[in-house]
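Below, each chain spelled out in residue letters.
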Amino acid sequence: MDQFQALKETLQKTAPNLELRQAEPMSQHTTFCIGGPVPLMALPQTEEEAITAVRAASALGLEPFFLGNGSNLLVADEGADVFVIKTASLNGLSCEEENITAGSGVLLSQLANFALEHSLDGLEFVQGIPGSVGGAITMNAGAYNGEMAQVVQETAYVDKNGMTGTLTGAEHDFSYRHSTFSDENRLILHSRMHLKKDDPAMIKTLMDNLAGRRRFKQPLEFHSAGSTFKRPKNYYAGALIDECHLKGLTVGNAQVSIKHAGFIVNLGGATCKDVLALANLVRETVLRDAKVELELEIKTLGVKA
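Read on for a plain summary of the structure. (Residues numbered from 1 in each chain as written. Predicted model: local features only at pLDDT ≥ 70, side-chain atom pairs only at ≥ 80, totals over all residues. Heavy atoms only, no water.)

Structural notes on helix α6 (residues 200–217)
Our working rule: Helical segments are the DSSP runs of H or I of at least four residues, strand segments are the runs of E of at least two, and each set is numbered from the N terminus. The span one expects for a helix is its residue count, reduced by one, times 1.5 Å. Note on classification: 1.4 Å probe, protein chains only; a residue is buried when its accessible area is under 20% of the maximum for its type, exposed when over 50%, partly exposed between these limits. In this context, the arc is that of the directions from the helix axis out to the C-beta atoms. Note on definitions: a residue-residue contact is assigned when non-hydrogen atoms from the two residues lie within 4.5 Å.
Compared with an ideal rise of 1.5 Å per residue, which puts 18 residues at 26 Å, α6 spans 26 Å between its outermost C-alpha atoms and is within 8% of the ideal. Residues of α6 that are buried include every one of Ile-203, Met-207, Leu-210, Ala-211 and Arg-214, and no others. The buried residues of α6 all sit within an arc of 100° when viewed along its axis, so they share a single face. Pointing more than 90 degrees away from the buried face of α6 are the exposed residues Met-202, Thr-205, Arg-215 and Phe-216. Here the buried face of α6 lies against α3 (108–117), β8 (120–121) and β9 (142–143).

Details of the pattern of salt bridges
We apply this condition: Basic side-chain nitrogens of Lys or Arg form a salt bridge, by our definition, when they fall within 4 Å of a carboxyl oxygen of Asp or Glu.
Counted under the stated rule, the structure contains 16 salt bridges. The partner of Glu-78 in a salt bridge is Lys-273, with the nearest N and O atoms 3.8 Å apart. Taken together, the positions of Glu-78 in the loop between β4 (73–75) and β5 (83–86) and Lys-273 in helix α8 (residues 272–290) put the pair 195 residues apart, joining distant regions of the chain. Here Glu-78 falls in the partly exposed class, since its relative accessible area comes to 47%. Judged by relative accessible area, Lys-273 falls into the exposed class, the value being 55%. Ionic pairing is found between Arg-283 and Glu-293, a salt bridge with its closest N-O pair at 3.8 Å. Of this pair, Arg-283 sits in helix α8 while Glu-293 sits in the loop between α8 and β19 (299–301); the two residues are 10 residues apart in sequence, bridging distant segments of the chain. Linked by salt bridges that have partners in common, Asp-77, Glu-78, Lys-273 and Lys-304 make up one network.

Section: the pairing of strand β6 (residues 93–96)
Short version of the rule: Two strands are counted as paired when DSSP detects at least two bridges linking them.
The pairing of β6 with strand β7 (residues 99–103) spans four bridges and is antiparallel. Bridged to Cys-95 within β7 is Ile-100. With antiparallel pairing between neighbouring strands as the criterion, β6 and β7 make up a hairpin whose turn holds two residues, including Glu-97 at a positive phi of roughly 55°.

This is how it looks when you write it as structure tokens:
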């Protein structure tokens, strides 16, 4: 019996209500719509189920891969030999005065609208980011001069060995597209964010304005993983790629977006190999012509070096 079968049988006994899927295609769980199967995926409905799944995996020597909305992830065409725990159903939301507590699976669009409903200012920038709270905290997601570091106060987690803990304030170690969760494999359970009361009409106006800017500038009509490259110091990746005349460049069915050069999009049926080959071509061209090295912002799973 392999480890994944043993894990499945263990979880069926210790967490009988936990949803488990075998040979689950990752193309159904990423915004790129790319990726082969994983041998076992758990979709916990509660934090207790998530913790149980982590501990059971650890006991069998398996390190889980923690998946949110899959909005910053590219998975190998052949899949990956990992146990995936998807946090989409950890989606509790509550508000107390100027604090919102959100489960890691809460979509950022839901979070922004929840803040609006409670007349709380400070999360307008996340409204159009297609990720979840856990992923956003992990990578300190940001847009339009806002980032998660500005609002996150406290985060509860379980680490890869099943130990639970809580981080507060500076312990998150936030920086550009980084947090302590980027460095260590820990599953975020929920987080508390501090906001401030404001006029809901003003909050709504700003949200609508940012949504309009996104629709105008970003290729929302295609599957993608958002910005493909990190912002290099003193530059913008999209502008550099545009200046190198790479808009519209394709490999297979992956394309440098005609609308925004910072995005690689799936025109339909693109493979992981297509995306990586195109990203490498872009990086090589920008390094040669602009003397700037681009770094992937997209995370990969199952991709061999």
